[in-house]
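Per-entry structural report
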Amino acid sequence: MDWRDHAACRAHDPELFFPVSETGRALSQIGEAKAVCGGCPVVNRCLEWGRAEGIEYGVWGGYSEGERRASRRRRRYGAPPRKVWLGDDAEEAGQA
């Protein structure tokens, strides 16, 4: 079974996770998407998958497009990445 089978976002409209911008009304959409991520048992795997695949658009693993870009810059220039805890990864913890 794939980690995506356990993703909380599966129960939501995919459009929620792909706002048209990161300003104005889209900020509330991003907040809603992040709230779903906050209760997701595989949020850490989602973020790592998005990074590994070079996904540029949408909310992945609780991070917006801009947050992932900033994280890439920090990693590229040697600053330690910020870790945002959004919950336990139940699959990794053996609870799935």
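In what follows, the structure referred to is the one given above.
Reference entry: report on the structure contained in this document. (Residues numbered from 1 in each chain as written. Predicted model: local features only at pLDDT ≥ 70, side-chain atom pairs only at ≥ 80, totals over all residues. Heavy atoms only, no water.)

Tallying secondary structure elements over the protein gives three helices and zero strands in all. In sequence order, the secondary structure elements of the protein are arranged as α-α-α. Every one of the 96 residues in the protein was classed for burial, and the buried ones make up 33%. For the protein, the share of sequence-separated contacts (at least 6 apart) that also reach a separation of at least 24 residues comes to 53%. A total of about 6,200 Å² of accessible surface is found on the protein, and carbon and sulfur atoms cover 52% of it. (Helix = DSSP H or I, 4+ residues; strand = E, 2+ residues; numbered from the N terminus. Buried < 20%, exposed > 50% of the residue type's maximum accessible area, 1.4 Å probe, protein only. Contact = heavy atoms within 4.5 Å. Areas by Shrake-Rupley, 256 points an atom, 1.4 Å probe, with all protein chains shown as cover.)

As a further point, take the nonpolar core. Counting 14 residues, the largest nonpolar core has Leu16, Phe17, Ala33, Cys37, Cys40, Val42 and Val59 as its most contacted members. Secondary structure elements with two or more residues in this core: α1 (26-38) and α2 (43-53). (Core = buried A, V, L, I, M, F, W, Y, C linked by side-chain atoms within 4.5 Å.)

Its 13 residues give α1 an end-to-end C-alpha distance of 18 Å, which sits within 8% of 18 Å, the value for a rise of 1.5 Å per residue. Of all the residues in α1, the buried ones are Ala26, Ile30, Ala33, Val36 and Cys37. When α1 is viewed along its axis, its buried side chains cluster within an angular range of 115° and face the same direction. Close packing links the buried residues of α1 with α2. (Expected span 1.5 Å × (residues − 1). Arc of directions from axis to C-beta.)

For the rest of this paragraph, the subject is a positive patch on the surface. Together, Arg72, Arg73, Arg75 and Arg76 make up a positively charged patch on the protein surface. For arginine 76, the location among the structural elements is in helix α3 (residues 65-76). Here arginine 76 falls in the exposed class, since its relative accessible area comes to 56%. (Patch = residues over 30% accessible without salt bridge, like charges linked within 9 Å, V, L, I, M, F, W, Y side chains within 5 Å. Salt bridge = Lys/Arg side-chain N within 4 Å of Asp/Glu carboxyl O. Lys, Arg positive; Asp, Glu negative; His and termini not counted. Charge placed at Lys NZ, Arg CZ, Asp CG, Glu CD.)

All right, on to the side chain of glutamate 65 then. With respect to the helices and strands, glutamate 65 occurs in helix α3. Of the buried charged residues, glutamate 65 lacks a salt bridge, with arginine 69 as the closest side chain of opposite charge at 4.3 Å. Other than its neighbours up to four places away in sequence, glutamate 65 contacts Pro19, Glu22, Glu56, Tyr57 and Gly58.

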